[in-house]
Amino acid sequence: MKILVTGGAGFIGSHILRWLLKAGHDVVIADSLRTGKRTNVPADVPLYDVDIRDQAGLAELFAVERPQAVVHQAALANVRESMEDPITYAEVNIIGTLHLLELVKEYDCSKFVFASTGGAVYGEGEPREECQDESKISDHAALRSLILPFTEESRPQPKDNYGANKLSCEHYIELYSQNYGLPYVILRYANVYGPRQDVKGEAGVVAIFAGAMLANQATYITGDGAQRRDFVYVDDVARANVLALACDVNGTYNVGTGRPTDINTVYRLLAEQTGYGQTPSYLPRPAGEVRATWLDCSKAGQELGWEADVDLKEGLRRTVEWARASAANG
């Protein structure tokens with residue numbers, strides 16, 4: 001198929017591009033290059049410098065390229081920034097997605113694959129019955145009191161604007177499916193990490209820690225570092241998108257490892273791999289940051305034939321190796 005990948009010059013999108021090319025697809029990229037890089041896209045792959053808020057620019061791209069499917073990765077994705085600038089985040093993440101959905105409907109595309117977030121859509125999660133009054137328990141006990149891991153049936157309750165944006169888009173996608181027959185797959189990513197993640201872009205902790213450690217700079221952890229996350233390697237996420245394009249079902253799927261890791265542990269593993277000896281400074285936990293989130297991905301295994309292959313230590317090793325080479329090459 002000819003596939004349009006929005007955000008295809010960015011961190012996750014460029015890995016999806018590589019996997020799609022390997023699978024034999026023709027690929028077209030739309031990217032505003034706000035955080036994406038032209039160097040992430042092979043010279044023979046068409047790259048349109050277009051913002052998804054630009055309805056006319058997207059319409060021109062569809063008229064010229066006539067993609068048969070869309071893999072929608074383009075988004076503003078910094079949780080803290082979303083709390084500071086909710087209007088811009090809604091314009092890009094919600095209105096931009098609606099522009100694409102209208103064009104997908106007009107051109108009768110065969111599949112719409114959407115990058116959502118398992119890390120932010122579910123929010124804090126539901127407390128267990130015996131722990132309903134969280135004000136009476138400690139922060140550490142609250143971690144243990146939540147009903148985790150999240151399944152696709154868990155009640156979404158985002159705590160930040162980015163998560164709210166993605167959940168809104170999910171509802172619109174399902175609406176387009178019900179009313180116009182749009183075939184779709186929604187992938188709720190856990191915390192994605194790996195090569196090409198920009199410390200100044202979506203700013204995952206792995207990229208931030210690795211960059212600072214390799215430069216022997218000061219490092220910072222928000223909260224006490226006991227927050228737990230599901231860290232999934234970017235190649236595993238890219239492979240999930242390829243499988244989503246080929247499946248015959250509509251649905252929403254968690255994409256993660258199902259294994260929680262606290263931030264202090266990630267810090268320690270990266271310090272060992274980089275030879276970093278400084279002690280981190282601890283900062284107050286910001287608004288919108290959840291204490292714990294990890295995902296049950298058994299549905300993706302059953303219906304997409306997907307599961308994560310790369311464990312955390314190996315993924316961190318590959319990421320540090322890339323970061324070292326990138327720093328050496330300037």
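(A) Quick look at the layout of surface pockets. Its boundaries defined by the atoms lining it, the second largest pocket holds a volume of some 500 Å³. Counting residues per element, the ones that place at least two in the lining of the second largest pocket are α8 (205–214) and α12 (312–328).

(B) Molecular detail of the packing of α8 against helix α10 (residues 263–274). Contact geometry of α8 with α10 gives a least axis separation of 10 Å together with a crossing angle of 35°. Crossing angle aside, the handedness with which α8 passes α10 is right-handed. Side by side, α8 and α10 meet where Val205, Val206, Phe209, Ala210, Met213 and Leu214 of the first sit next to Ile263, Val266, Tyr267, Leu270, Ala271 and Thr274 of the second. Tallied by class, residues from the contact of α8 with α10 come to eleven nonpolar, one polar and no charged.

(C) Focus on the packing of helix α1 (residues 11–22) against helix α9 (residues 234–246). As a packed pair, α1 and α9 sit with axes 8 Å apart at the nearest point and diverge in direction by 55°. Taken together, the axis directions place α1 and α9 in an arrangement best described as oblique. In this structure, α1 crosses over α9, and the sense of that crossing is right-handed. Contacts from Phe11, Ile12, His15, Ile16, Arg18, Trp19 and Leu20 of α1 reach α9 at Val234, Asp235, Val237, Ala238, Arg239, Asn241, Val242 and Leu245.

(D) Highlighting the sheet that holds strand β4 (residues 69–72). Read across the sheet, seven strands follow the order β3-β2-β1-β4-β5-β6-β11 without closing on themselves; strand pairing throughout is parallel. In this open sheet, the two strands that pair with only one neighbour each are β3 (47–48) and β11 (251–255). Bridge analysis of strand β6 (residues 184–189) against β11 gives five bridges, and the strand direction is parallel. Residue pairing in the sheet places Leu187 in a bridge with Tyr253 of β11.

(E) Summary view of α1. Across its twelve residues, α1 extends 18 Å between first and last C-alpha, which sits within 8% of the 16 Å expected from 1.5 Å per residue. Counting buried positions over the twelve residues of α1 gives nine, a clear majority of the element. Restricting attention to buried positions, one finds in α1 the residues Phe11, Ile12, Gly13, Ser14, His15, Ile16, Leu17, Trp19 and Leu20. Those residues of α1 that are buried lie in contact with β1 (2–6), β2 (26–30), β4, β6, β7 (191–193) and α9.

(F) Quick peek at the pattern of salt bridges. Within this structure, the stated rule accounts for 15 salt bridges. The salt bridge involving Lys2 is made with Glu65; its shortest N-O contact spans 3.0 Å. Taken together, the positions of Lys2 in strand β1 and Glu65 in helix α2 (residues 55–65) put the pair 63 residues apart, joining distant regions of the chain. The shortest N-O distance in the salt bridge between Glu170 and Arg188 comes to 2.6 Å. Here Glu170, found in helix α7 (residues 161–180), pairs with Arg188, found in strand β6; they are 18 residues apart in sequence, far enough to count as distant. Residue Glu170 is classed as buried on the basis of its relative accessible area of 2%. Look at Arg188 and you get buried, because its relative accessible area is 5%. What emerges from the salt-bridge pattern is a single network uniting Glu314, Arg317, Arg318 and Glu321.

(G) Examining the packing of aromatic side chains more closely. Tallied over the full model, the rule gives seven aromatic pairs. Relative to Phe150, the ring of Tyr122 lies with its centre 4.7 Å away and its plane at 15°, an arrangement referred to as stacked. Of the two residues, Tyr122 is situated in the loop between α5 (118–121) and α6 (139–145) and Phe150 in the loop between α6 and α7; the sequence distance between them amounts to 28 residues. In this structure Phe150 comes out as buried when scored by relative accessible area, which is 2%. Connected via pairs of aromatic rings, a cluster forms that spans Tyr193, Phe231 and Tyr233. Stacked on the ring of Tyr253, the Lys or Arg Lys299 has its end atom at 4.8 Å from the ring centre.

(H) Looking closely at the nonpolar core. The biggest cluster of nonpolar side chains holds 45 residues, and the ones touching the most others in it are Ile12, Leu20, Leu187, Tyr189, Val192 and Trp306. For this core, the secondary structure elements donating two or more residues are β1, α1, β2, β4, β5 (111–117), β6, α9 and β11. A per-element tally of this core places α9 first, with seven residues. Within the second largest apolar cluster, 29 residues are counted, among which are Val70, Leu100, Val104 and Ile186.

(I) Seen up close, unusual backbone geometry. Although it is not a glycine, Leu33 adopts a positive phi angle of roughly 60°. The residue Leu33 is located in the loop between β2 and β3 in this model. Using a relative accessible area of 22% as the deciding quantity, one classes Leu33 as partly exposed. The residue Arg196 is not glycine, and still its phi comes out positive at about 80°. Mapped onto the elements of the fold, Arg196 is located in the loop between β7 and α8. Overall, the relative accessible area of 26% leaves Arg196 in the partly exposed class.

Procedures and definitions
Residues numbered from 1 in each chain as written. Predicted model: local features only at pLDDT ≥ 70, side-chain atom pairs only at ≥ 80, totals over all residues. Heavy atoms only, no water. 1 Å grid on protein atoms, 1.4 Å probe; cavity = no way out; pocket = protein on both sides within 12 Å on 5 of 7 lines; lining within 4 Å. Points joined across faces, edges and corners; volume = space filled by probe spheres on them. Helix = DSSP H or I, 4+ residues; strand = E, 2+ residues; numbered from the N terminus. Axes fitted to C-alpha atoms, helices over the stretch in contact; angles between N-to-C directions. Left-handed = near helix turned anticlockwise from the far one by under 90°. Contact = heavy atoms within 4.5 Å. Nonpolar A, V, L, I, M, F, W, Y, C, P; charged D, E, K, R; others polar. Parallel < 35°, antiparallel > 145°, perpendicular 65-115°, else oblique. Pairing = 2+ DSSP bridges. Expected span 1.5 Å × (residues − 1). Buried < 20%, exposed > 50% of the residue type's maximum accessible area, 1.4 Å probe, protein only. Salt bridge = Lys/Arg side-chain N within 4 Å of Asp/Glu carboxyl O. Phe/Tyr/Trp six-rings, centres within 6.5 Å; stacked < 30°, edge-to-face > 60°. Lys NZ or Arg CZ within 6 Å of the ring centre and 35° of its normal. Core = buried A, V, L, I, M, F, W, Y, C linked by side-chain atoms within 4.5 Å.

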